[in-house]
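Analysis of the macromolecular model
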Amino acid sequence: MSSKTQDRAFGWTELDSRAVDIARALAMDSVESAGSGHPGTAMSLAPVAHLLFSQHLRHDPMDPQWAGRDRFVLSCGHTSITLYTQLYLNGYGLTLEDLAHLRQWGSLTPGHPEVGHTAGVETTTGPLGQGVGNAVGMAMAARRERGLLDPDAADGSSIFDHHIYCVASDGDLQEGVSAEASSLAGTQQLGNLTLIWDDNHISIDDDTSVSFNEDVVARYAAYGWHTQYVSWIKDDGSYEENVAALDKALRTARATTDKPSFIALRTIIGWPAPTKQGTGKVHGSALGAEEISKTKEILGLPQEAFWVPEDVLAHTRQAVDRGRAMRADWQQAYDGWAKKNPDGKALHERLATRTLPAGWTDALPTWEPGKKVATRKASGKVLTEIAPVLPELWGGSSDLNESNNTAPAGEPSFLPKSQQSDEWSGGPYGRVLHWGIREHAMGSTMNGIALHGGTRVYGGTFLIFSDYMRPAVRLAALMKLPTTYVWTHDSIGLGEDGPTHQPVEQLAALRAIPGMSVVRPADANETAVAWKTILERGSTSQAGPCGLALSRQDLTVFDRTEFASADGVAKGAYVLRDCSHGTPEVIIIATGSEVEIAVAAQELLEEAGTHTRVVSAPCLEWFREQDEAYQRTVLLPDVKARVSVEAGVSMGWHEWLGEAGETVSLEHYGASAPYGVLYEQFGITPERVAAAATSSLSKLGKTRGSTTGN
C-alpha cells in the first residue's frame, strides 16, 4: 500500500491537526491557571490522545458506562490534563471553566484523574505503574466476562469483545508493579490490550539516562508481547509527528489477538515550546506566560487563553454522534444475542449491578462444634461450595493457592492453552487465577478487574506480604472497589517460618487505611459469615476492599448453643459469651485465633469470681459503622475494665479500651518455633489475659470478684 493510500485510509484532516494544537494550548493554559501541574507530557501526547479518541476508541460520550465501550487508562495520571482536554473536546460534559479550574477545590478536574468523580475517567491513577496493572486487570476481566456470557462466539465477533488502551510514561515503566503486570499479561496472552509508551526520556530529574537505560522494547518482547517502535524524531534530528505511522501501529496492535501489544513512541516532551521542550523544566511546572506566548505563536494560535474555535469544537464533538451510532449498533446486536440467550441476558443484567442470586447463601457450609479447623481451610471450603452458584466470583493467589486455599476444588484455571500444566488445567475463560509471585501486580490487576465490572475478584497471599500490595489496596479503598484479599498465615501462629513471615504491625497498618475493612474471624463458622457479609456489602453502597486475615493453625469451632451465633460477624463485633450471671466486671475483646485464648481467660476469671464478658471483634471497621446503641450493648459503657487480645501491635485498640484498658499484644517481632511455644513465650496466654483483667480492675480501685453476687 502506498503512503498516499495509507493517508487516505487514515483520514487525518487539517481540522484534526488544529484540534491537536488546541489541546496543547488548553494544557498550557490550564496548568498556567492552576499555577502547578504537568503540561509537557500533555503537549506531546496531544496527537496520541486525539487519534485514540477520534479514530480508535469505541466510546460514547453520552453514556460513559456503556458496556460495549473500549477502556482508556492514563497510567501517567500526573498528566491528567491530557485526558481532561479530550473529555472536554469530545463532549463528556467538562467545560472550559472546568479546565480553567484544574487542581482546584471542588473542581471536576483534580490533579490526578479520579474514577467516579469525572465522567469518562476509568480509573484513579497517579501512583506510577498502577495504571498499567489496572489495564492488565481490565483485559483479564473482559476475557472472563466473554467466557461467562458468550464463550462460543468466533474470535472478534462477540458483542462482549472490546479493547483496553493504556498510555504509560517512562516513570510508569520504571516502577516494579508495571513490570510484574506486564509479565503476567504476556503469560496470559491478552490480545485485547495495547500499551503505548511515551518514550520521551524525561522525568523530574531531567534526562532519564541517569537511571533508565535498558532496551524496553526488547524487555516487552521477552515478556511475550507484540512490539512496535514509532519514532517522531527523524534520523536527521528533526521532529515530525507522523500520526499516520502511529495509526498504522495501533491498527496492527488491535489486529494482533494472540498476545498483548506494546507500542514505543519516541516523542519530545513539551513540543513545540521553544526553550523548554525536551527538558525537565516542562515536565512538572507551568511554562510561564512568555513561553506560552511563543509556543502559541509557533502553533499559529491567538494569545487568548482557553481559545477554542467553533469549527474545531464541532469537529471533535462529532464523537457524540459516532458514539451514539456505535452504541445503537451494539445494542441491536446485544438484543439479538439476548433473544437467543435469555439465561445469559439475565446473568449479564445481574452481573452489571453486582446483584447476588436469590438463595445463594444456602450453599454456605457450616461446621460442627468442637472440630479443629484453620480459618484459611474454612475459607477454601466456602469458596468451593459457593463457586457453582456465584460464577462471577473468581480469584487465586500469588503462587500460594495451596497455602491460601484460594483454588475452589474442581474449578478450571484462567490460562491460555499453551500455559497450562499437569497440575493446573483449564482454559482462557477459567476462574482460578495464577498471579505468580507478584503481589504488586495482583493488587493492581484486581483493581482493574473490579473497575471493569461484571465479575467479583479475590486474591490471596500471606498477610505479611500485604505490604507488597499496599499501594493498590490503598487505591482500592480510595476508589471504593469491592476487592477481597485472602491474607492467610495471619500471626505468629504460622510458627517455624519465623519473624520474616510473622505479621506484627500489618493488622494495625491496614486498619489505618480509610475505607478498608480488615476481617479476622475466630473460627470456621465466623469465616463463612465473613464471606457472606463481604459479598453482600460488595453489592451495596458499602462496597470497598475487604481483607480476610486467616489462620494457618487449627482453631476450635465454637458450640453455638453455648456461644452466640456467628451471624454477629456482620456487625463487626458481638458478645460471644457473656458472664455466667449478673453484670460483667470485665470485657475481653479479641480477634481471630486469640478469641479461644480470651474464652479460656474468661473461665479462669469466672472461677475466681470475676464476671467476664468475651467479645469477638472480627472487624473493627464494621463495628464502628454500627449505631451507638448497638455499640453500647456490646461494650457496656459502665464497664471500664477492658482487655484487648491480639497477636500484633496494640496500635488502634485504645479507642475501644478507654483509660483503664489493658492490651495483650505483641510489640516486637516474632521468632522461629512451633506456634504453641511462641504464644507461651510471648505471653499471649489465658493466664496473661486474666492478669491483664486484674490490672485493669486495679486501675479502677477494684479487685477480682469485687462485685460477685451483684
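Keep in mind the model is a prediction, meaning the values are calculated, not measured.

Rules and cut-offs
- Residues numbered from 1 in each chain as written.
- Predicted model: local features only at pLDDT ≥ 70, side-chain atom pairs only at ≥ 80, totals over all residues.
- Heavy atoms only, no water.
- Helix = DSSP H or I, 4+ residues; strand = E, 2+ residues; numbered from the N terminus.
- Rg over C-alpha atoms; globule rule 2.2 N^0.38 Å.
- Buried < 20%, exposed > 50% of the residue type's maximum accessible area, 1.4 Å probe, protein only.
- Contact = heavy atoms within 4.5 Å.
- Areas by Shrake-Rupley, 256 points an atom, 1.4 Å probe, with all protein chains shown as cover.
- Lys, Arg positive; Asp, Glu negative; His and termini not counted.
- Charge placed at Lys NZ, Arg CZ, Asp CG, Glu CD.
- Core = buried A, V, L, I, M, F, W, Y, C linked by side-chain atoms within 4.5 Å.
- Pairing = 2+ DSSP bridges.
- Axes fitted to C-alpha atoms, helices over the stretch in contact; angles between N-to-C directions.
- Right-handed = clockwise from strand over helix to strand, strands pointing away.
- pLDDT = per-residue confidence, 0-100.
- Phe/Tyr/Trp six-rings, centres within 6.5 Å; stacked < 30°, edge-to-face > 60°.
- Lys NZ or Arg CZ within 6 Å of the ring centre and 35° of its normal.
- Polar contact = N/O pair within 3.5 Å; in protein donor to acceptor, adjacent residues only side chain to side chain.
- Disulfide = S-S within 2.5 Å.

**Remarks on the overall build of the chain**
- Tallying secondary structure elements over the chain gives 26 helices and 22 strands in all.
- Against the globule reference of 27 Å for 710 residues, the chain gives a C-alpha radius of gyration of 29 Å, in line with a compact fold.
- Along the first, second and third principal axes, the C-alpha atoms of the chain reach 95 × 60 × 45 Å.
- Counting the 710 residues in the chain, one finds 59% classified as buried.
- Long-range contacts, defined here as pairs at least 24 residues apart, represent 76% of the contacts in the chain between residues at least 6 apart.
- Accessible area of the chain: about 26800 Å², with a carbon and sulfur share of 50%.
- The positive charge centre, built from 60 side chains, and the negative charge centre, built from 87, are 3 Å apart in the chain.

**Points about the nonpolar core**
- One finds I386, I589 and I684 to be the most contacted residues of the largest nonpolar core, which totals 78 residues.
- In terms of residue count, the dominant contributor to this core is helix α20 (residues 524-537) (seven residues).
- The residues touching I589, leaving out its near neighbours within four places in the chain, are V615, A617, L635, V643, S644, V645, W653, W656 and L657.
- Counting 60 residues, the second-largest nonpolar core is a separate cluster that includes M43, V48, F72 and V230.

**Observations concerning the sheet that holds strand β18 (residues 574-577)**
- In space, the five strands of this open sheet follow the order β18-β20-β19-β21-β22, with mixed pairing throughout. Each edge of the open sheet carries a strand with a single partner, namely β18 and β22 (662-664). Strand after strand, the sheet turns through a mean of 30° between neighbouring axes, direction not considered.
- The pairing of β18 with strand β20 (residues 612-616) spans three bridges and is classified as antiparallel. Bridged to Y574 within β20 is S616.
- Helix α21 (residues 594-607) rests against β18, β19 (586-590), β20 and β21 (641-645) of the sheet, and its axis sits at about 175° to β20.

**With respect to the pairing of β19**
- For β19, the buried fraction is high: five of the five residues fall into the buried class.
- Note that the unit made of β19, α21 and β20 has a crossover that is right-handed.
- Sheet topology places β19 next to β21; five bridges connect them, and they run parallel. Pairing of A590 across the sheet is with V645, part of β21.

**Digging into the confidence of the model for the chain**
- Overall, the predicted model of the chain reaches an average pLDDT of 96, with 98% of residues at or above 70.
- Overall, residues 1-8 carries pLDDT values under 50, and its contacts beyond four positions in sequence, including any with other chains, amount to four contacts.

**A short note on the pairing of strand β13 (residues 456-462)**
- By the criterion of burial, β13 is predominantly enclosed, with seven of the seven residues buried.
- Both strand β9 (residues 393-397) and β13 contribute to a ladder of five bridges, which runs parallel. Bridge pairing in β13 links L393 to R456.
- Alignment of β13 against strand β14 (residues 484-488), held across five bridges, turns out to be parallel. In the strand pairing of β14, Y458 is matched with T484.
- After leaving β13, the chain enters helix α18 (residues 470-479) and then returns to the sheet as β14, a path that is right-handed.

**Focus on the sheet that holds strand β7 (residues 261-266)**
- What the five strands build is an open sheet, ordered β1-β2-β3-β7-β6; its pairing is parallel. Every other strand in the sheet has two partners, leaving β1 (71-74) and β6 (226-231) as the edge strands with one partner each. Each strand of the sheet is rotated relative to its neighbour by a mean of 15°, with strand direction disregarded.
- In this sheet, strand β2 (residues 164-169) lies alongside β1 in parallel orientation, the contact comprising four bridges. The residue of β2 that forms the bridge with V73 is C166.
- Sitting on the sheet, helix α6 (residues 130-149) is in contact with β1, β2 and β3 (193-199), with an inclination near 165° to β2.

**Examining the packing of aromatic side chains**
- Evaluated as defined, the whole model comprises 22 aromatic pairs.
- For the ring pair F558 and F563, a centre distance of 4.9 Å and an interplane angle of 50° mean the geometry is tilted. Pair check on accessibility: F558 and F563 agree, each one buried.
- Grouped by ring-pair contacts, the aromatic residues W197, F212, Y220, Y223, W225 and F262 constitute a single cluster.
- Here the guanidinium or amino end of R143 rests over the ring plane of F414, the centre of that ring lying 4.0 Å away.
- Stacked on the ring of Y630, the Lys or Arg K571 has its end atom at 4.4 Å from the ring centre.

**With respect to the side chain of N404**
- Here N404 shows up in helix α16 (residues 401-404).
- Polar side-chain contacts of N404 include one of 3.2 Å to the backbone nitrogen of T461.
- In terms of polar contacts, N404 uses its side chain to reach the side chain of T488, at 2.8 Å.
- Ignoring anything within four residues of it in the chain, the contact list for N404 reads R376, S397, G460, T461, F462, V486 and T488.

**Observations regarding unusual backbone geometry**
- Here the bond from W271 into P272 is cis, since omega is 5°, no more than 30 degrees from zero.
- Tracing the chain through its elements places P272 in the loop between β7 and α11 (289-299).
- The backbone phi angle of F306 is positive, close to 55°, even though this residue is not glycine.
- Locating F306 in the fold gives a position in the loop between α11 and α12 (310-316).
- You will see that N405, though not glycine, has its phi angle at about 60°, which is positive.

**Side note on helix α4 (residues 80-89)**
- With respect to burial, α4 is a largely interior element, 10 of its 10 residues being buried.
- Regarding α4, the residues found buried are S80, I81, T82, L83, Y84, T85, Q86, L87, Y88 and L89.
- Looking at the buried side of α4, the elements it contacts are α2 (14-34), α3 (39-56), β1, α5 (96-100) and α12.
- Positive backbone phi, approximately 90°, marks G91, located one or two places after α4.

**Some points on the state of the cysteines**
- Using the criterion set out here, one finds zero disulfides in the structure.
- Free of any disulfide, C546 has its nearest neighbouring cysteine sulfur in C619, separated by 6.8 Å.

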